[in-house]
Amino acid sequence: QVQLVESGGGLVQPGGSLRLSCAASGRTFSSYAMGWFRQAPGREREFVAAIDWSGGNTGYDDSVKGRFTISRDNAKNTVYLQMISLKPEDTAVYYCAATKYFSGYREMELYEYWGQGTQVTVSS
């Protein structure tokens, strides 16, 4: 069992930055690939970024490539999402999730555990 708790969301101006954190409970965190997803009002949840168990491989949606960076610290049981050059269209609730299957990292159905989400609002 893995429990995930996101933090770091908030209100930021366009062009600003935020770093989201996702703290995981349980001793098996390092055996899971981790992903970030987001859901804007009236839209389906969508993939943002993912990282394998070691941190050596990552994947991004084209909409955030070059602006967002996913990383993890297995000693701290935490995964991060550094976001820069934020745009109003990045406004959403951001969720972290855990999966055993990095090869399918874009597929929500493969993620076993989900956090409760943290709100990111990009507005002037």
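A quick note: this is a predicted structure, and the numbers were derived from the prediction, not measured.

### Some remarks on the packing of aromatic side chains
Two descriptors summarise a pair of aromatic rings, namely the distance from one centre to the other and the angle between the planes of the rings. Counted according to the given criterion, the structure contains seven aromatic pairs. Geometrically, the ring pair formed by Phe47 and Tyr105 is tilted, given 5.3 Å between the ring centres and 40° between the ring planes. Residue Phe47 is found in strand S5 (residues 46-51), and its partner Tyr105 is found in the loop between strand S9 (92-99) and strand S10 (113-114); the two are separated by 58 residues along the sequence. Each of the two residues, Phe47 as well as Tyr105, counts as buried. One aromatic cluster in this structure is built from Phe37, Phe47, Phe102, Tyr105, Tyr111 and Trp114. For the cation-ring pair, Arg45 lies above Trp114, with the distance from its terminal atom to the ring centre recorded as 5.0 Å.

### Comments concerning the pairing of strand S7 (residues 68-73)
Alternating residues of S7 divide into Phe68, Ile70 and Arg72, all buried, and Thr69, Ser71 and Asp73, none buried. As judged from the six bridges shared by S7 and strand S8 (residues 78-83), these two strands associate in the antiparallel manner. Its bridge partner being in S8, Thr69 is matched across the sheet by Gln82. Hairpin connection of S7 to S8: four residues between the antiparallel strands, including Asn77 at a positive phi of 55°.

### Quick look at the pattern of salt bridges
Pairing between side chains of opposite charge can happen when the charged atoms of each approach one another. According to the stated counting rule, one finds five salt bridges in the structure shown. Note that Arg67 is salt-bridged to Asp90, the shortest N-O span being 2.8 Å. Taken together, the residues span a long stretch of sequence, with Arg67 in the loop between strand S6 (58-60) and S7 and Asp90 in the loop between S8 and S9 at a distance of 23 residues. Of the residues examined, Arg67 reaches a relative accessible area of 11% and is grouped as buried. Taking the relative accessible area as the measure of exposure, Asp90 reaches 1% and is therefore buried.

### Side note on the side chain of Thr99
The residue Thr99 is located in strand S9 in this model. Given the relative accessible area of 1%, Thr99 is considered buried. Here Tyr101 takes part through its backbone nitrogen, which lies 3.0 Å from a polar atom of the side chain of Thr99. Among all residues touching Thr99, those that are not within four sequence positions of it are Tyr32, Ala33, Leu110 and Tyr111.

### Topic: the sheet that holds strand S3 (residues 18-24)
If you walk across this open sheet you meet the four strands as S1-S3-S8-S7, and the pairing is antiparallel. The sheet is open, and its two borders are formed by strand S1 (4-7) and S7, each paired with just one other strand. Mean inter-strand twist for the sheet, computed between neighbouring axes without regard to direction, equals 15°.

Basis of the calculations
Residues numbered from 1 in each chain as written. Predicted model: local features only at pLDDT ≥ 70, side-chain atom pairs only at ≥ 80, totals over all residues. Heavy atoms only, no water. Phe/Tyr/Trp six-rings, centres within 6.5 Å; stacked < 30°, edge-to-face > 60°. Helix = DSSP H or I, 4+ residues; strand = E, 2+ residues; numbered from the N terminus. Buried < 20%, exposed > 50% of the residue type's maximum accessible area, 1.4 Å probe, protein only. Lys NZ or Arg CZ within 6 Å of the ring centre and 35° of its normal. Pairing = 2+ DSSP bridges. Salt bridge = Lys/Arg side-chain N within 4 Å of Asp/Glu carboxyl O. Polar contact = N/O pair within 3.5 Å; in protein donor to acceptor, adjacent residues only side chain to side chain. Contact = heavy atoms within 4.5 Å. Axes fitted to C-alpha atoms, helices over the stretch in contact; angles between N-to-C directions.

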